[in-house]
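Observations on the model geometry
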Amino acid sequence: MKKLSVKQMKKEMRNLGLGRLASLLLAVTLLLTVLMQLFAFEKFPGLLQLAGFTEATAVVLAVALVYTEVLALPWLIGLRARASVLRLSFCCLIIALQLLTVLVVFADMRGISILFSILSRESSMIDFVWLGLLWVLFGIAIKMSKK
């Protein structure tokens, strides 16, 4: 990989654009979501059980959610990798957002929060605002990206 000069880096930073900025913000918000889930990972499958899933399903969903959120990061940060890796990362992003949406809706129907479980177990509109933010950033990243 070619090393960029300071002038070239400044030019690259000016050319980031809205789509790139949305991708980076989505990466940061997904990282925050993953960190919150990992800090409470011992409780996370239990919360999913309270949301109506069986014990085995709750563990599989918890692990799948964390893995897909982490695997979505290469596409979001614009990692230079093979096209197949970036396609897989993009698919993981879509799966992670859809899975997160389903889990938040199921948890809200039972009156609990899975996104901010380390802060409060009670469901609130903050979960849906956070989820809406993720989907809006995803839409902007898709519409404006040059990938």
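The structure presented is a predicted model; accordingly, all values stated were derived computationally and were not measured.

Within the protein, the secondary structure is distributed over seven helices and zero strands. Reading the protein from its N terminus to its C terminus gives the helix and strand order α-α-α-α-α-α-α. Out of the 147 residues in the protein, the part that is buried amounts to 35%. Here the contacts in the protein between residues at least 6 apart in sequence split such that 67% fall between residues at least 24 apart.

To continue, consider the packing of aromatic side chains. Each aromatic ring pair is described using two quantities: the centre-to-centre distance and the angle formed by the ring planes. Evaluated as defined, the whole model comprises four aromatic pairs. Both rings, one in Phe 53 and one in Phe 106, keep their centres 5.2 Å apart while their planes meet at 40°; by these two values the pair is tilted. Within this pair, whereas Phe 53 is found in the loop between α3 (44-50) and α4 (55-71), its partner Phe 106 is found in helix α6 (residues 83-109), the two being separated by 53 residues in sequence. We classify Phe 106 as partly exposed; its relative accessible area is 35%. Through successive ring pairs, a cluster of aromatic residues spans Trp 75, Phe 90, Trp 135 and Phe 138.

A few words on the nonpolar core. Among the nonpolar cores identified, the biggest contains 34 residues, and Leu 48, Leu 76, Leu 93, Leu 103 and Ile 114 are the most heavily contacted of them. At seven residues, the largest contribution of residues to this core is made by α6. Residues contacting Leu 93, with those up to four places away along its chain left out, are Leu 26, Leu 30, Ala 72, Trp 75, Leu 76 and Phe 138.

Scoring rules and cut-offs
- Residues numbered from 1 in each chain as written.
- Predicted model: local features only at pLDDT ≥ 70, side-chain atom pairs only at ≥ 80, totals over all residues.
- Heavy atoms only, no water.
- Helix = DSSP H or I, 4+ residues; strand = E, 2+ residues; numbered from the N terminus.
- Buried < 20%, exposed > 50% of the residue type's maximum accessible area, 1.4 Å probe, protein only.
- Contact = heavy atoms within 4.5 Å.
- Phe/Tyr/Trp six-rings, centres within 6.5 Å; stacked < 30°, edge-to-face > 60°.
- Core = buried A, V, L, I, M, F, W, Y, C linked by side-chain atoms within 4.5 Å.

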